[in-house]
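Residues per chain, in single letters:
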Amino acid sequence: MSTLLIRNARLVATMDDARRELRDGAVYVRDHVIEAVGPSAELPATADEVIDARDMVVTPGLVNTHHHMYQTLTRALVQDNELFGWLKGLYPIWANLTPEMIRVSTQTAMAELLLSGCTTSSDHLYVYPNGIRLDDSIAAADEIGMRFHAARGSMSVGESRGGLPPDRIVEDEAAILAESQRLIERWHDRSRHAMRRIVLAPCSPFSVSRELMRDTAEMARRYGVSLHTHLAENDNDIAYTREKFGCTPAEYVEALGWTGRDVWCAHCVKLDAPGIGLFARTGTGVAHCPCSNMRLASGIAPIRAMRDAGVAVGLGVDGAASNDAGHLLAEARMAMLLQRVAHGPEQGPSAMGAREVLEIATRGGARVLDRDDIGVLAPGMSADIACWPLDGIETAGAQHDPLAALVFCQVPRVRHAVVHGRVVVRDGELTTIELPALVERHNALARELLEAAR
């Protein structure tokens, strides 16, 4: 069994139930599990590997609850549209995706996340042309070393049936369900500390049928896997649900069995008060994606009202073509600032502070993904850890509150990141893949993808 010691930290922010913040703190890991957290003087002085974290803040690894990693290939396209127009502009390009593009873009997105202190991510892949399978994403995650919730997305209602996507990129519903079952039986790990879980994720009310939603929920409950979808993203999304189904988005998911601790929905920018109450009562989670919501002019999600009602809220960077970045700490900063735009600067019932948004980015994301083993630095938890530098120009002048400095300032890159007890970022560089070669291949594939659509 191997051991890892992170010691001498300026501050260890545990995010445990007491929200302890330990000056000159340390974390001791055995294999992939945290064994002890406390003052450096009280923990062992040696280990198989020791990281000196002086001038650093140590936090739980951040948790990303919503992403479309393939979209790193189409950044900065369709720049001036709301959601529906943006999708219609990009669907024809995504129709030319290949399995290699999925593998490379997944690693590109994961590299960006890891370098921003994120150790666990969900990815919602819902486009499957040209022989693509979710297995392509899973293989990429295994190689780079990220904890992964692989969401098998789907679209089955094309334009000819009143949906938004072109008919050529939707799938047969029986085939979707058969593939979902195969993936669960092949890849899902329901054990504690699992590095890989499968999620079933029909894309949205405007791209799948009610029957597929119901059948997917039944399969998920039968196998004990989580459910994920987009919901109430903007005004057009609301109008579509009312016109096609005669109800609000919250009423739509409730009628289809899509509420509970095993369900989380992306965006929910336009979730109304009854919907917030429903989500709070049932434990249904929300992935808040502030940068994407601003980029597409969708609005400001009512996160303050959700949190006050007890809704589980996590953060998501969303698609890399609607953000167009994948820096989760920067997403946390934007989430805090945006709630202040909406509700005022005072911490308390009207706004959001640095510690609350870091809680959302860690233990909040864990709750949304229905996990009890990540998002907290405490004995028995998975050894997912981020070490943030405080010695750069970015945090100069903010040393009096090092934890707040992470959010109010802008730390460009994590110093070290540990996933499942393994150091995957050391001294600001990835240890598991060659990043320059990955970026070069990614850019070549992005050019090929655009040329194929011309």
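Our structure is the block above this text.
Within every chain, residues take consecutive numbers counted from 1 along the sequence as written. Whole-chain, interface and lining totals are the exception, using all residues; otherwise, since this is a predicted model, local features are given only for residues with pLDDT of at least 70 and side-chain atom pairs are given and counted only at 80 or more. Here the side-chain values reflect all heavy atoms present in the structure, with hydrogen atoms and water set aside.

Asks: What exactly am I supposed to notice about the environment of P274 here?
Replies: The helix count covers DSSP runs of H or I at least four residues long, the strand count covers runs of E at least two residues long, and both are numbered beginning at the N terminus. Relative to the helices and strands, P274 resides in helix α8 (residues 273-282). The class of P274 is exposed, set by a relative accessible area of 60%. The sequence separation of P274 and E251 amounts to 23 residues, and the corresponding C-alpha distance is 9.0 Å. Burial classes: relative accessible area under 20% of the type maximum marks a residue as buried, over 50% as exposed, and values in between as partly exposed (1.4 Å probe, protein chains only).

Asks: Sorry if this is basic, but what is going on with the layout of surface pockets here?
Replies: Vacant regions in the atomic arrangement are exposed by a probe of water-molecule size rolled over the atoms. Cavities and pockets were defined on a 1 Å grid built over protein atoms only: a cavity is a set of grid points that admits a 1.4 Å probe from which the probe cannot escape, a pocket is an open set flanked by protein on both sides within 12 Å along at least five of seven lines, and lining residues are those with an atom within 4 Å of any such point. Grid points are joined across faces, edges and corners, and a volume is the space filled by probe spheres set on the points. Here the largest pocket defines a volume of roughly 280 Å³. Among the elements of the structure, β13 (312-315) and α12 (354-368) are those that each provide at least two residues to the lining of the largest pocket. No other element matches α12, which puts 5 residues into the lining of the largest pocket. Polar here means any residue other than Ala, Val, Leu, Ile, Met, Phe, Trp, Tyr, Cys and Pro, which are nonpolar, and Asp, Glu, Lys and Arg, which are charged; Gly is therefore polar. Considered class by class, the residues forming the lining of the largest pocket number 7 nonpolar, 2 polar and 8 charged. Computed from the structure, the second largest pocket encloses a volume of approximately 220 Å³. The wall of the second largest pocket is formed by 15 residues, among which R75, T108, A111, E112 and V439 lie closest to the centre. The set of elements that each furnish at least two residues to the lining of the second largest pocket consists of α2 (99-115) and α14 (435-452). Looking at the lining of the second largest pocket, the element that brings in the most residues is α14, giving 5 residues. Here the residues of the lining of the second largest pocket sort into 6 nonpolar, 6 polar and 3 charged.

Asks: How do you make sense of unusual backbone geometry when you look at a structure like this?
Replies: A negative phi angle characterises most non-glycine residues, just as the trans form characterises most peptide bonds. The omega angle of the peptide bond from N323 to D324 is 0°, so this bond is cis rather than trans. As for its position among the elements, D324 is in the loop between β13 and α11 (328-343). Backbone geometry at D24 places phi at a positive 50°, although glycine is not the residue there. By the secondary structure assignment, D24 is in strand β2 (residues 21-30).

Asks: Sorry if this is basic, but what is going on with the side chain of D237 here?
Replies: Structurally, D237 is set in helix α6 (residues 235-245). In this charge count, Lys and Arg are treated as positive and Asp and Glu as negative; neither His nor the chain ends contribute. The term salt bridge refers to a pairing of a side-chain nitrogen on Lys or Arg with a carboxyl oxygen on Asp or Glu at a separation within 4 Å. It turns out D237 is buried and unbridged, and the closest side chain with the opposite charge, K270, is 11 Å from it. From its side chain, D237 meets the backbone nitrogen of A232 in a polar contact 3.3 Å long. We call two residues contacting when some pair of their heavy atoms lies within 4.5 Å. Setting aside residues no more than four positions away along its own chain, D237 makes contact with F84, P205, F206, L231 and A232. Side-chain atoms alone can form a polar contact between residues adjacent in sequence; in general such a contact is a pair of N or O atoms within 3.5 Å, and within protein one must be able to donate a hydrogen while the other accepts it.

Asks: Would you mind showing me how to read the packing of aromatic side chains here?
Replies: Here the distance between the centres and the angle between the planes together describe a pair of aromatic rings. A pair of aromatic rings is counted whenever rings of Phe, Tyr or Trp (Trp by its six-membered ring) have centres within 6.5 Å, and the orientation is called stacked for planes under 30 degrees apart, edge-to-face for over 60 and tilted otherwise. Applying the stated criterion across every chain, the model contains 9 aromatic pairs. Aromatic pair Y70 and Y126: ring centres 6.0 Å apart, planes at 85°, arrangement edge-to-face. Here Y126 lies in the loop between β7 (118-125) and α3 (134-144) and Y70 lies in the loop between β6 (62-64) and α1 (83-94), a separation of 56 residues in the sequence. In this pair, the class of Y70 matches that of Y126, namely buried. Summarising the aromatic geometry, the rings of W94 and Y126 are spaced 6.5 Å apart at their centres and angled 80° between planes, so their arrangement reads as edge-to-face. Within this pair, whereas W94 is found in helix α1, its partner Y126 is found in the loop between β7 and α3, the two being separated by 32 residues in sequence. Here the aromatic cluster, defined as three or more aromatic residues joined through ring pairs, consists of Y70, W86, Y91, W94 and Y126. We count a charge as sitting over a ring when the NZ of a lysine or the CZ of an arginine lies within 6 Å of the ring centre and within 35 degrees of the ring normal. Lying over the aromatic face of Y128, R152 brings its terminal NZ or CZ to 3.8 Å of the ring centre. The cationic tip of R186 hangs over the ring face of W187; the distance from NZ or CZ to the ring centre is 3.8 Å.

Asks: Looking at this model, I keep getting lost on the packing of α11 against α12. Mind explaining?
Replies: Where α11 contacts α12, the axes come no closer than 9 Å and their chain directions differ by 130°. Compared by their axis directions, α11 and α12 come out oblique. Once α11 is placed against α12, the crossing between them reads as right-handed. Each of L329, A332, A335 and M336 in α11 lies in contact with α12, whose residues at this interface are A354, V357 and L358. To get an axis, fit a line to the C-alpha atoms, keeping to the stretch in contact for a helix; angles then go from 0 to 180 degrees between the N-to-C directions. Here roughly perpendicular refers to angles of 65 to 115 degrees, roughly parallel to angles under 35, roughly antiparallel to angles over 145, and oblique to all remaining angles. For any helix crossing, the convention is left-handed if the near helix is rotated counterclockwise from the far helix by under a right angle, and right-handed if that rotation is clockwise.

Asks: I'm lost on the state of the cysteines in this one. Help?
Replies: What is meant by a disulfide is a covalent connection between two cysteines, made through their sulfur atoms. Any two cysteine sulfur atoms within 2.5 Å of one another count as a disulfide. If you walk through the whole model with that rule in mind, you get 0 disulfides. No disulfide involves C203; its nearest neighbouring cysteine sulfur is the one of C265, lying 12 Å away. Given a relative accessible area of 4%, C203 falls into the buried group. Not engaged in a disulfide, the cysteine C268 finds its nearest cysteine sulfur in C265; these two sulfurs lie 5.0 Å apart.

The analysis is restricted to geometry; functional conclusions fall outside its scope.
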